[in-house]
Amino acid sequence: MKFLVCISNVPDTTTKITFTPDNKEFNKAGVQFVINPWDEYALTRAIELKEAAGSGTVTVLNVGEADTEPNIRKALAIGADDAIRVNAAPTDAYFVAEQIAAIAKEGAYDVILMGKESIDYNGFQVHGMVGEMLGVPTVAPAMKLDMSGNTATLEREIEGGKEIVSVNTPFVASCQQPMCEPRIPNMRGIMTARTKPLKVVPAVGEPARTQVQEYALPPKKQGVKLIDAENAGELIKLLRNEAKVI
Amino acid sequence: MSVLVVVECADGEVKKSSLEVASYGAQVAAQLGTTATAIAVGEANEANLVKLGEQGITKVLYDAEPRLKDFVNNAYTKLIATAAEQEQAKVIVLANSNIGAAVGSRLSVRLKASLATNVVELPKTDGGQFVVKRGAFSGKAFSDVVLSGDRKIIAVKKNSTEAQHDAGKTAEVASFSAQLSDADFADAPKQVVMQDQAGGVLLPEAERVVSGGRGMKGPENWGLIEDLAKALGAATACSKPVSDVDWRPHHEHVGQTGITVSPNLYIACGISGAIQHLAGVNSSKVIVVINKDPEAPFFKAADYGIVGDVFDVLPKLTAAVKALN
Ligand SMILES: Cc1cc2nc3c(=O)[nH]c(=O)nc-3n(C[C@H](O)[C@H](O)[C@H](O)COP(=O)(O)OP(=O)(O)OC[C@H]3O[C@@H](n4cnc5c(N)ncnc54)[C@H](O)[C@@H]3O)c2cc1C
Ligand SMILES: Cc1cc2nc3c(=O)[nH]c(=O)nc-3n(C[C@H](O)[C@H](O)[C@H](O)COP(=O)(O)OP(=O)(O)OC[C@H]3O[C@@H](n4cnc5c(N)ncnc54)[C@H](O)[C@@H]3O)c2cc1C
């Protein structure tokens, strides 16, 4: 089984988001980038399934510029076998999906795993696009993934419940908790990651279909109005008469 | 040219988020000088589809194929693509739900459209450009995005726009068939398991949410959260550590790595207000924080706060709501 795990390179979850003075770009200064937290589920599950089968390969793929390589190496340290970086700024989901689809097709990958969504841009769409481009099913977001031969059984989260879905390879799935316990690199992994192959390839396909014009931060809160705990019922009156939300 | 709106139904009812989407689509149609047609998916009831006129929809297409009752990605995509071609839709509007996003992303490739998800406002269409505002960086920011394709698909974030109600207006319901075949249902779910809701409110659709954190001390105390939620008609939610240790199911986990909610009212009980938690809730219209620590960071993001013990405060709030009703 050939697994392709797609990882995006995102600001650490504790990052205070700021923009350049013209509000046209995200201000990367001083920001620590990490593997998108959802993608860690995809990566770990691929490694687990490969181990359980006793054969197969796990390739990680990132569409990004050279500054994403530390996180690609981290994915190799966690246990991926090799990596591909498409050397281009990931300008929108469609552009990224085209790159992933081209590589998935060329490498004849059986299982293409992603995270539920990229926490920087929150598109929740690359997986569906890639499935459509390849003409294969996408299961998103998946909470559980088991394989038996070429057939996968997945639990897909829906509003208010879940669906049990069964698909044959090749397919795309996007992963989220509680699929597995994401692994962290160990010392041996870090050592071997240095020499694992990381191939850099140029971008293909058409340009992006969306362009960010401007960013904005949410409006600041006015400040909190404190109500005495002894008089907690007063809060309910305020919620009805002042805030008008109940 | 028209606007096509995808309306999700369940148990005969149009979902609340789809009423918002219908209203959004009708307003976009008005901006563009055209009309809005809806395509209904899921288990629909004709009388409720007729009522979509109140949101400004003129015509509703409905394919009564029974296998469309449950979500099937390929079948839904083909159904909506066929409707979009028939209606020559330039703009397709759907909910930013698990169904809407799954279908929207496939449609964007099939119809060569620009797609924006997580959209929070009506588009700006002056000056020949089509610009939408969407949430980014997990609720920490917004971005204005130009949709440069000839066709556009917009997935509207739940509870971020208000559904208009023009009482008494009706829509014409037209039967419609996308000529779906067995092959289109190949990825149909084997089984659908719904949570036991027992009169509860679904978190992603909720207008009010009562949420508990580690300060609740243990799952045995969740009755306090549930009582207040019930009195308010609210859904229940929790912080990540709470679902990590299985005090609550993980689908209640809100935040940067959980679900993002934007209810009218979010009540946080015994939650410290870590940046990853705030990211998932800070677009709530009114935030109430109950925490015994006056220095808890959540107070900085709150509109109302009570510095106190949840075990003392929650029963008082529940009683006060009951007294009000
Ligand atoms: C600082 C910064 C600013 C950015 N600004 C923008 C922007 O303004 N507009 C924009 O469209 N994009 C932007 N991106 C790129 C963004 O990170 C994504 O790579 C891409 O746009 C897809 O985002 P999405 O939210 O639609 O992905 P989603 O559909 O939410 O992602 C789903 C999954 O797809 C996979 N995936 C996503 N991106 C990649 C990737 N690059 N390489 C490999 N796999 C991937 C992951 O498995 C991810 O979990 C920015 C990135 C950074 C670091
Ligand atoms: C990559 C990453 C992603 C994350 N994603 C998320 C996410 O999506 N969502 C999320 O929630 N967290 C997330 N976290 C975790 C986050 O950093 C915090 O650890 C978490 O939100 C804290 O949960 P809490 O507020 O319930 O617990 P704590 O931080 O322990 O806070 C408990 C609070 O309860 C108060 N308290 C205690 N007893 C009482 C009482 N009797 N009455 C009133 N108040 C009381 C305390 O004063 C305290 O403020 C993430 C972390 C990481 C590293």
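Just so you know, these numbers come straight off a predicted model, no measurement behind them.

It is at 8 Å that the axes of helix H6 (residues 233–241) of chain A and helix H8 (residues 310–324) of chain B come closest, and there the two elements cross at 50°. Taken together, the axis directions place H6(A) and H8(B) in an arrangement best described as oblique. Here H6(A) runs over H8(B); the crossing is right-handed. In this structure, H6(A) contributes Gly233(A), Leu235(A), Ile236(A) and Arg240(A) to the contact, and H8(B) contributes Leu317(B), Ala320(B), Val321(B) and Leu324(B). Of the residues belonging to the contact of H6(A) with H8(B), the class tally is six nonpolar, one polar and one charged.

Read across the sheet, six strands follow the order E13(A)-E15(B)-E14(B)-E13(B)-E11(B)-E12(B) without closing on themselves; strand pairing throughout is parallel. In this open sheet, the two edge strands, each paired with only one partner strand, are strand E13 (225–227) of chain A together with strand E12 (235–238) of chain B. Strand after strand, the sheet turns through a mean of 20° between neighbouring axes, direction not considered. Here strand E14 (residues 286–291) of chain B runs beside strand E15 (residues 304–307) of chain B; their pairing, made up of four bridges, is parallel. Each bridged residue has a counterpart across the sheet, and for Val288(B) the counterpart in E15(B) is Tyr304(B). Sheet contacts for H8(B): strand E13 (265–269), E14 and E15 of chain B; angle to E14(B), the most-contacted strand, approximately 135°.

Attention now goes to the site of ligand 1. Residues and elements named next belong to chain A. Lining the immediate environment of ligand 1, one finds 31 residues, of which Cys6, Asp39, Asp120, Gly123 and Tyr215 sit closest. Residue Tyr215 places a side-chain N or O atom 2.6 Å away from an oxygen atom belonging to ligand 1. Expressed as a share of its isolated accessible area of 890 Å², the protein-covered part of ligand 1 is 93%. Here ligand 1 is seated within the second largest pocket. Among the elements of the structure, strand E4 (57–64), helix H3 (93–106), strand E6 (111–115), helix H4 (126–134) and strand E12 (210–216) are those that each provide at least two residues to the shell around ligand 1. Tallied by class, residues from the shell around ligand 1 come to 16 nonpolar, eleven polar and four charged.

Residue and element names in this part refer to chain B. Every one of the 27 residues lining ligand 2 counts as a neighbour, but Lys217, Ser239, Ser272, Gln276 and His277 are closest to it. Note that a nitrogen atom of ligand 2 is positioned 2.7 Å from one of the side-chain N or O atoms of Lys217. Within the side chain of His277, a nitrogen or oxygen atom sits 2.7 Å from an oxygen atom of ligand 2. Relative to its unbound accessible surface of 990 Å², ligand 2 loses 77% to contact with the protein. Contributions of two or more residues to the shell around ligand 2 are made by helix H6 (240–244), helix H7 (275–281) and H8.

Residues of H6(A) that are buried include every one of Leu235(A), Ile236(A), Leu238(A) and Leu239(A), and no others. On an axial view of H6(A), the arc spanned by its buried residues comes to 160°, and they lie on one face. Close packing links the buried residues of H6(A) with E13 of chain A together with E13, E14, E15 and H8 of chain B.

Right, let's get into the UniProt feature "domain: Electron transfer flavoprotein alpha/beta-subunit N-terminal" (unreviewed entry) in chain B. As annotated by UniProt and renumbered to match this structure, "domain: Electron transfer flavoprotein alpha/beta-subunit N-terminal" (unreviewed entry) occupies residues 3–192 of chain B. A distance of 31 Å separates the end C-alpha atoms of residues 3–192 of chain B, which is 26% helix and 34% strand.

Residues and elements named next belong to chain A. Put simply, the second largest pocket is a space of about 1100 Å³. Along the wall of the second largest pocket there are 45 residues; nearest its centre are Asn9, Pro90, Thr91, Asp120 and Tyr121. Put simply, the parts of the chain that give the lining of the second largest pocket at least two residues each are strand E2 (9–11), E4, H3, E6, H4 and E12. Split by residue class, the lining of the second largest pocket holds 20 nonpolar, 15 polar and ten charged.

UniProt marks residues 23–210 of chain A with the feature "domain: Electron transfer flavoprotein alpha/beta-subunit N-terminal" (unreviewed entry), using the numbering shown here. Secondary structure content for residues 23–210 of chain A is 30% helix and 31% strand, while the C-alpha to C-alpha distance between its ends is 17 Å.

Moving on, we come to helix H1 (residues 16–32) of chain B. Residue and element names in this part refer to chain B. The terminal C-alpha atoms of H1, which comprises 17 residues, lie 25 Å apart, in line with the 24 Å expected from a rise of 1.5 Å per residue. Within H1, the full set of buried residues consists of Ser17, Ser18, Glu20, Val21, Ala22, Ser23, Tyr24, Gly25, Ala26, Val28 and Ala29. Looking at the buried residues of H1, the elements they touch are strand E1 (2–14), strand E2 (36–44), strand E4 (89–95), strand E5 (113–119), strand E6 (131–136) and strand E8 (151–156). Residue Gly33 follows H1 closely and has a positive phi angle near 70°.

Another point: the sheet that holds strand E10 (residues 171–175) of chain A. Read across the open sheet, the ten strands follow the order E11(A)-E5(A)-E4(A)-E1(A)-E6(A)-E10(A)-E7(A)-E8(A)-E9(A)-E10(B); overall the sheet is mixed. Because the sheet does not close on itself, it has two edges, and the strands there are strand E11 (198–201) of chain A together with strand E10 (191–194) of chain B. Adjacent strand axes in the sheet meet at a mean angle of 30° when their direction is disregarded. Across three bridges, strand E1 (residues 2–6) of chain A lies against E6(A) in parallel orientation. Bridge assignment links Val5(A) to a residue of E6(A), and that residue is Leu113(A). Contacts from helix H1 (residues 37–53) of chain A reach E1, E4, E6, strand E7 (138–148) and E10 of chain A, with the element oriented near 165° to E1(A). Sitting on the sheet, H3(A) is in contact with E1, E4, strand E5 (82–87), E6 and E11 of chain A, with an inclination near 150° to E4(A).

The rules behind these values
Note that residues are indexed from 1 along each chain, following the sequence as it is written. Chains carry letters and ligands carry numbers; both start at the beginning, A for chains and 1 for ligands, and go up in the order they are written. Only residues with pLDDT of 70 or above have their local features reported here, since the model is predicted, and side-chain atom pairs are shown and tallied only from 80 upward, although totals for entire chains, interfaces and linings are computed over all residues. With hydrogens and water stripped out, all remaining heavy atoms of the structure feed into the side-chain values. Each axis is a line fitted through C-alpha atoms, and for a helix only the stretch in contact is used; angles between axes span 0 to 180 degrees, taken between their N-to-C directions. Numbering goes from the N terminus for both helices and strands, where a helix is a DSSP run of H or I of at least four residues and a strand is a run of E of at least two. Any angle that is under 35 degrees is reported as roughly parallel, and any over 145 degrees as roughly antiparallel; angles of 65 to 115 degrees are reported as roughly perpendicular and all others as oblique. The crossing is said to be left-handed when, going from far helix to near helix, the turn is anticlockwise and less than a right angle, and right-handed when the turn is clockwise. Any pair of residues with heavy atoms lying within 4.5 Å of one another is described as a contacting pair. Think of it as three bins: nonpolar holds Ala, Val, Leu, Ile, Met, Phe, Trp, Tyr, Cys and Pro, charged holds Asp, Glu, Lys and Arg, and polar takes everything else, Gly as well. Any two strands with at least two DSSP-identified bridges between them are counted as paired. Definition of nearness: a residue and a molecule or strand are near each other if at least one heavy atom of the residue lies within 4 Å of the molecule or strand. Under this definition, polar contacts are N or O atom pairs within 3.5 Å; protein pairs additionally need one hydrogen-donor-capable and one acceptor-capable atom, and for neighbouring residues in sequence, both atoms have to be side-chain atoms. Surface accessibility in these figures is a Shrake-Rupley result with a 1.4 Å probe; residues are shielded only by whichever protein chains are displayed. Whether a set of points on the 1 Å grid over the protein atoms alone is a cavity depends on a 1.4 Å probe fitting there but being unable to get out, while an open set qualifies as a pocket with protein on both sides within 12 Å along at least five of seven lines; lining residues are those with an atom within 4 Å of a point. What decides whether a molecule sits in a cavity or pocket is whether more than half of its atoms lie within 2 Å of the grid points. Each residue gets one of three labels from its accessible area relative to the maximum for its type: buried under 20%, exposed over 50%, partly exposed in between, using a 1.4 Å probe on protein chains only. In this description, the arc belongs to the directions extending from the helix axis to the C-beta atoms. UniProt positions are given in the numbering used here, feature names are shortened, and annotations may be inferred rather than shown by experiment. Grid points are joined across faces, edges and corners, and a volume is the space filled by probe spheres set on the points. In this analysis, the expected span of each helix is defined as 1.5 Å times one less than the number of residues it contains.

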